Amino acid sequence: MKVIDSHTGGEPTRVIIEGGPDLGEGNLTERLKRMSEKYDHIRKSVILEPRGSDVWVGALLCPPVDKSCTTGVIFFNNSGYLGMCGHGTIGVAVTLAHMGLVKGFESGPVKIKIETPVGIVEVTMPDLNTASVQNVASYLYKEKVEIEVEELGFITGDVAWGGNWFFLADKAPVAITLANEAKLNHYAKAIKATLSAKGITGRDGAEIDHIEFFSEAEQTGADSKNYVLCPGNAYDRSPCGTGTSAKIASLATKGLLKPGQIWVQDSIINSRFEGFYEINQAGEIIPTITGSAYVHAESTLLRHTEDPFRNGIL
């Protein structure tokens, strides 16, 4: 398989551009299901060690159903599949530009559409390395959910959708620094386990598989600093596109952020996304997230039939 690797705010994306599985016809949700049932060994071989690591997010390019889209994409990580990935969409857009599939920058910003299993997202690119992703409709689902977590006591937060399900904790249990990453990871996993044990879910019983902590920003110009625990228990090096979308939806619903007002979100490593939202005709909150990505490798992944770890270290 031929892949192109990039990072968005420090968070890597590996895009399969050639040699991936043929998922046939149908919408992206149906093809994601087909990949998970028949070709999950491909996900594992691309993402897991020895070729990858827990932090990687993968993206399989595939023909879109909607022909106005430049491509369809299925996102996945070390634990399974993602309906949407904000940093990954920025990475995919920059990868497409690197491949010469996004053109016309000499005339101004270029707009493309990318089809995902949770809907079509529009991406505006002012240059080869910057992308603004108009995300799917995001919303606050449950406000001020209180749970009692061993070691932490009572924790309050919001349950929100930004393309994935998030628990947005009101405060961080410790300072959001790389030195505290192990503690943040431990506490976030404890919150996630407690939500599951208490039967607290997203809409239609969906698992809340992302936990997000916030604190005051360290850098000038930022509104907040965050820590995001992703499915598979790796932390997001970027400020998390879907997590920032969920936060914006929560703030908007509470009247704390106006349409068009910029929210600047820094990550645990102080990389930055900027976001704002609009209200569409259906009254939904539509966030737009802007970040930068950089291609850093083009590779061919080999799978030898004799290799006992050709499908990854499980």
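Just above, that's the structure.
Residues numbered from 1 in each chain as written. Predicted model: local features only at pLDDT ≥ 70, side-chain atom pairs only at ≥ 80, totals over all residues. Heavy atoms only, no water.

A. Structural view of the overall build of the protein chain. Across its full length, the protein chain holds 5 helices and 16 strands. On C-alpha atoms alone, the protein chain measures out to a radius of gyration of 19 Å, which is about the 20 Å that the 2.2 N^0.38 rule sets for 314 residues. With the C-alpha coordinates aligned to their principal axes, the bounding extent of the protein chain is approximately 50 × 50 × 35 Å. Per-residue burial over the protein chain gives 53% buried out of 314 residues. Sequence-distant contacts in the protein chain: of pairs separated by 6 or more residues, those separated by 24 or more amount to 61%. About 13,500 Å² of surface is accessible on the protein chain, with carbon and sulfur atoms providing 48% of the total. Considering the protein chain, the positive charge centre built from 29 side chains and the negative charge centre built from 38 side chains are found 3 Å apart. (Helix = DSSP H or I, 4+ residues; strand = E, 2+ residues; numbered from the N terminus. Rg over C-alpha atoms; globule rule 2.2 N^0.38 Å. Buried < 20%, exposed > 50% of the residue type's maximum accessible area, 1.4 Å probe, protein only. Contact = heavy atoms within 4.5 Å. Areas by Shrake-Rupley, 256 points an atom, 1.4 Å probe, with all protein chains shown as cover. Lys, Arg positive; Asp, Glu negative; His and termini not counted. Charge placed at Lys NZ, Arg CZ, Asp CG, Glu CD.)

B. Region of the structure containing a nonpolar patch on the surface. On the surface, Ile 17, Met 99 and Leu 101 cluster together into a nonpolar patch covering about 230 Å² of accessible area. When you line up the elements, Leu 101 lands in the loop between helix H3 (86-98) and strand S6 (110-116). (Patch = residues over 30% accessible without salt bridge, like charges linked within 9 Å, V, L, I, M, F, W, Y side chains within 5 Å. Salt bridge = Lys/Arg side-chain N within 4 Å of Asp/Glu carboxyl O.)

C. Molecular detail of the state of the cysteines. Counted under the stated rule, the structure contains 0 disulfides. The closest cysteine sulfur to the non-disulfide-bonded Cys 69 is located on Cys 62, 11 Å from its own sulfur. Judged by relative accessible area, which is 6%, Cys 69 ranks as buried. With no disulfide partner, Cys 230 has as its closest neighbouring cysteine sulfur the one in Cys 240, 5.8 Å distant. Residue class for Cys 230 comes out buried when judged on its relative accessible area of 11%. (Disulfide = S-S within 2.5 Å.)

D. Structural view of the pattern of salt bridges. Applying the stated criterion across every chain, the model contains 9 salt bridges. Note that Arg 43 and Asp 40 form a salt bridge whose closest N and O atoms lie 2.7 Å from each other. Here Arg 43 and its partner Asp 40 are both found in helix H2 (residues 40-47), 3 residues apart, which amounts to about one turn of the helix. With relative accessibility at 17%, the residue Asp 40 sits in the buried group. The salt bridge involving Asp 307 is made with Arg 51; its shortest N-O contact spans 3.8 Å. One end of the pair, Asp 307, is in the segment after strand S16 (285-300); the other, Arg 51, is in the loop between H2 and strand S3 (57-62), with 256 residues separating them in the sequence. When its relative accessible area of 17% is taken as the criterion, Arg 51 is described as buried. Look at the salt bridges and you will find they share partners, linking Asp 40, Arg 43 and Lys 44 into a network.

E. Expanded view of the environment of Gly 157. Position of Gly 157 relative to the elements: it lies in strand S10 (residues 153-161). Residue class for Gly 157 comes out buried when judged on its relative accessible area of 0%. A C-alpha to C-alpha distance of 42 Å links Gly 157 and Phe 105, two positions 52 residues apart in sequence. Once residues lying within four places of it in the same chain are set aside, the contact partners of Gly 157 are Lys 142, Glu 143, Lys 144, Val 145, Phe 167, Leu 168, Ala 169 and Asp 170.

F. Just unusual backbone geometry, in detail. Of note, the bond from Glu 49 into Pro 50 is cis; its omega dihedral lies within 30 degrees of zero at 15 degrees. Tracing the backbone through its elements, the reader meets Pro 50 in the loop between H2 and S3. The phi dihedral of Lys 144 falls on the positive side, at around 55 degrees, and the residue is not glycine. By secondary structure assignment, the location of Lys 144 is in strand S9 (residues 139-149). Lys 144 sits in the exposed class, given a relative accessible area of 57%.

G. Representation of helix H5 (residues 241-253) in the model. For H5, spanning 13 residues, the distance from its first C-alpha to its last is 18 Å, which sits close to the expected 18 Å at 1.5 Å a residue. Within H5, 12 of the 13 residues are buried, leaving the element largely enclosed by the surrounding structure. All buried positions along H5 are accounted for by Gly 241, Thr 242, Gly 243, Thr 244, Ser 245, Ala 246, Lys 247, Ile 248, Ala 249, Ser 250, Leu 251 and Ala 252. (Expected span 1.5 Å × (residues − 1).)

H. Molecular detail of the packing of aromatic side chains. The tally for this structure, following the rule as stated, stands at 6 aromatic pairs. Judged by centre distance (5.9 Å) and plane angle (20 degrees), the ring pair of Tyr 227 and Tyr 235 falls under stacked. Neither residue differs from the other here; Tyr 227 and Tyr 235 are each classed as buried. For the cation-ring pair, Arg 14 lies above Trp 56, with the distance from its terminal atom to the ring centre recorded as 4.4 Å. The ring of Tyr 235 has Arg 237 sitting right over it, with the charged end atom 3.8 Å from the ring centre. (Phe/Tyr/Trp six-rings, centres within 6.5 Å; stacked < 30°, edge-to-face > 60°. Lys NZ or Arg CZ within 6 Å of the ring centre and 35° of its normal.)

I. Expanded view of the side chain of Ser 138. Relative to the elements of secondary structure, Ser 138 occurs in the loop between strand S8 (130-134) and S9. Among the polar contacts made by the side chain of Ser 138, one reaches the main-chain carbonyl oxygen of Val 136 at a distance of 3.2 Å. Not counting residues within four places of it along the chain, the set of residues in contact with Ser 138 comprises Trp 161, Gly 162, Ser 245, Ala 249, Ile 285 and Pro 287. (Polar contact = N/O pair within 3.5 Å; in protein donor to acceptor, adjacent residues only side chain to side chain.)

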